[in-house]
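# Observations on the three-dimensional arrangement
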Amino acid sequence: MIAVLFAAAAISAACDLERPTGQPGCAREAVDALPMNAIQVIGTHNSYKLAIAPNEWRAIHAFSAREADAIDYGHPALKVQLDRGARQLEIDLAYDPDVGRFADPLGYRNAGAAVAPYDFAPLKKPGLKVLHEPSVDYRSVCPLFKDCLADIRAWSTAHPDHVPILILLNLKEGGLKLPGATVAPPFDARAMDQIDAEIRSVFPETALITPDQVQGKHETLRDAAEAGAWPKLKRARGRVMFALDCPPDQVARYRGGRKVLEGRVAFVNIDPASPAAAYITLNEVPALSERIAAAVKAGFIVRTRADADTWEARRNDTARQAAAFASGAQYVSTDYMTPDIRFSAYAVSLPGGGTARLSPVPPDR
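Here's what I pulled together on the structure shown here. Treat the numbers as computed from the prediction; the structure is a model and nothing was measured.

Attention shifts here to the overall build of the chain. Helix and strand counts for the chain stand at 15 helices and 10 strands. Expected size for 365 residues packed as a compact globule is a radius of gyration near 21 Å; at 20 Å, the chain falls within 12% of this value. Across its three principal axes, the chain shows a C-alpha extent of roughly 65 × 50 × 40 Å. Put simply, the chain has 365 residues, and 57% of those count as buried. A separation threshold of at least 6 residues defines the contact pool for the chain, and within that pool the share at least 24 residues apart is 72%. Of the roughly 14700 Å² of accessible surface on the chain, a fraction of 56% belongs to carbon and sulfur atoms. With 42 positive and 43 negative side-chain charges, the chain shows a spacing of 2 Å between the two charge centroids.

The next thing to look at is the pairing of strand β9 (residues 331–334). On any regular strand, side chains alternate: one points to one face of the sheet, the next to the other face. Because side chains alternate across β9, one face comprises the buried residues Y331 and S333, and the other comprises V332 and T334, equally buried. With 4 bridges connecting them, strand β1 (residues 39–44) and β9 associate as parallel partners. Following the sheet pairing, G43 is matched in β9 by S333. Pairing analysis gives 3 bridges linking strand β8 (residues 301–305) to β9, with the strands arranged parallel. Note that in β9 the partner of R305 across the bridge is S333.

The general pattern is negative phi for most residues beyond glycine and trans for most peptide bonds. A cis amide bond links V285 with the next residue in sequence, P286, at an omega value of 5 degrees. By the element assignment, P286 lies in the loop between β7 (279–281) and α13 (289–298). Positive phi, close to 65 degrees, is recorded for V99, a residue that is not glycine. Mapped onto the fold, V99 is located in the loop between β2 (88–94) and α6 (106–111). Given the relative accessible area of 36%, V99 is considered partly exposed.

This part covers the sheet that holds strand β10 (residues 356–358). Strand order in this open sheet of 5 strands is β7-β8-β9-β1-β10, and the pairing throughout is mixed. At either end of the open sheet lies a strand with only one pairing partner, and these are β7 and β10. In this sheet, neighbouring strand axes are inclined to one another by 25 degrees on average, regardless of whether the strands run parallel or antiparallel. Pairing of β7 with β8, which is carried by 3 bridges, proceeds in the parallel orientation. Following the sheet pairing, Y279 is matched in β8 by I301.

For the structure on display, the rule yields 8 aromatic pairs. With 5.9 Å between their ring centres and 75 degrees between their planes, F203 and F242 make a pair best called edge-to-face. With F203 in the loop between α8 (189–202) and α9 (211–215) and F242 in strand β5 (residues 240–244), this pair connects stretches of sequence that are 39 residues apart. It is K49 that lies over the ring of Y73; its NZ or CZ is 4.8 Å from the centre. Looking at R264, its charged tip hangs above the ring of Y254, at a distance of 4.3 Å from the centre.

Helical geometry note: an α-helix holds 3.6 residues per turn, so side chains three or four residues apart project in the same direction. Within the span of α13, buried status applies to S289, I292, A293, A295 and V296. The buried residues of α13 occupy one face: seen down the axis, they fall within an arc of 165 degrees. Close packing links the buried residues of α13 with β7, β8 and α15 (319–326). Positive phi appears at G299, one or two residues downstream of α13, with a value of about 110 degrees.

The final tally for this structure, using the stated rule, is 2 disulfides. Here C15 engages in a disulfide with C26; their sulfurs sit 1.7 Å apart. Taking the sign of the S-S torsion, about 40 degrees here, the bridge from C15 to C26 comes out right-handed. Remark: C26 occurs in the loop between α1 (2–9) and α2 (28–32) and C15 occurs in the loop between α1 and α2; sequence separation between them is 11 residues. For the chain, the bonded cysteines pair up as 1-2, 3-4 when numbered in the order they occur along the sequence. No disulfide involves C246; its nearest neighbouring cysteine sulfur is the one of C148, lying 16 Å away.

Now for the side chain of T220. By the element assignment, T220 lies in the loop between α9 and α10 (221–226). In this structure the side chain of T220 is engaged in a polar contact, spanning 3.5 Å, whose partner is the backbone nitrogen of R222. Polar contacts involving the side chain of T220 include one to the main-chain amide nitrogen of D223, which spans 2.9 Å. Apart from the residues lying within four places of it in its own chain, the contact partners of T220 are Q215, V260 and P275.

Looking now at the packing of helix α7 (residues 145–158) against α8. Two quantities define a packed helix pair, namely the angle between the helix axes and the distance between the axes. Taken N-terminus to C-terminus, the directions of α7 and α8 make an angle of 35 degrees; their axes are 9 Å apart at the nearest point. Here α7 runs over α8; the crossing is right-handed. Here F145, K146, L149, A150 and R153 of α7 come into contact with α8, specifically with I195, E198, I199, S201 and V202. For the contact of α7 with α8, the class distribution of residues is 6 nonpolar, 1 polar and 3 charged.

So, how was this worked out
Residues numbered from 1 in each chain as written. Predicted model: local features only at pLDDT ≥ 70, side-chain atom pairs only at ≥ 80, totals over all residues. Heavy atoms only, no water. Helix = DSSP H or I, 4+ residues; strand = E, 2+ residues; numbered from the N terminus. Rg over C-alpha atoms; globule rule 2.2 N^0.38 Å. Buried < 20%, exposed > 50% of the residue type's maximum accessible area, 1.4 Å probe, protein only. Contact = heavy atoms within 4.5 Å. Areas by Shrake-Rupley, 256 points an atom, 1.4 Å probe, with all protein chains shown as cover. Lys, Arg positive; Asp, Glu negative; His and termini not counted. Charge placed at Lys NZ, Arg CZ, Asp CG, Glu CD. Pairing = 2+ DSSP bridges. Axes fitted to C-alpha atoms, helices over the stretch in contact; angles between N-to-C directions. Phe/Tyr/Trp six-rings, centres within 6.5 Å; stacked < 30°, edge-to-face > 60°. Lys NZ or Arg CZ within 6 Å of the ring centre and 35° of its normal. Arc of directions from axis to C-beta. Disulfide = S-S within 2.5 Å. Polar contact = N/O pair within 3.5 Å; in protein donor to acceptor, adjacent residues only side chain to side chain. Left-handed = near helix turned anticlockwise from the far one by under 90°. Nonpolar A, V, L, I, M, F, W, Y, C, P; charged D, E, K, R; others polar.

Functional significance is not addressed by these values, which are geometric in nature.
Okay, here's the thing in structure tokens:
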């Protein structure tokens, strides 16, 4: 704790931790001595998602205006988001053991002659697929997981001094209960192994921050997090870490019979009392702000959300994002790094500017 506070005290509140060189009160040596869990950055939610085609969206809206409004957003290419300062991305995966299951979605078929074009060729290739909902919200900037990974890897290699990027993974199972809807199969043991295999096919160990690296010689990952074993920024720059933001049953399938997360690439969102705890998703601010601050102080990495379901953007309401930043969560996610002018001027940027700042809630170690 003393070392963290000493390093932080030498850094100006206005310091951009990703670009410390040349900034007053932003000494590179002091910045690089910080643990990676002492920072705060912005990320994006459902980072791969393209907007739904207008005529398909109108069909959803006729069925449920509320549901349609909640998914009425989209993002540019991943590299564009990274260029804008996103240091957390979220990718939804679907398992496709038969290959081609997701290449003929219900919404596209029902749209008729007015349907907006979409290239389904990637969805006919082997590999994990990237989409929000397989029947009506399937358009993606990178339909193949490996292609998403390759885009991130290329950007990271070209920007070796970036602070660590968190990549959240949601695992899509099931589907709409409608005739002709596509159903995503469960992620079984083979599918869980495929997640790691596809990541490792693109990212070498030296480009990753993994549970085993953080755990080191500690008995559990939780012990390591609470002991402040996260890499310092000097070592963490240019690397990415993955985390499964999934319900307990999926987390259990990913862990298998492991005591912690031995050999796995991704951290998992899990109860802080678990031996596998190091990362936590706590999205609901301000309701969970105290829990977030306590988790950050205890040494965990936390992701929260500045907005959800387009509601803040429609009202130009910044209260939730202010609570998110004040909570101390290291990764604050948004759908609006830039405004959607259909709704308002609402947008999210890091307080004080820049790409990375000190978290207002420092870890105890």
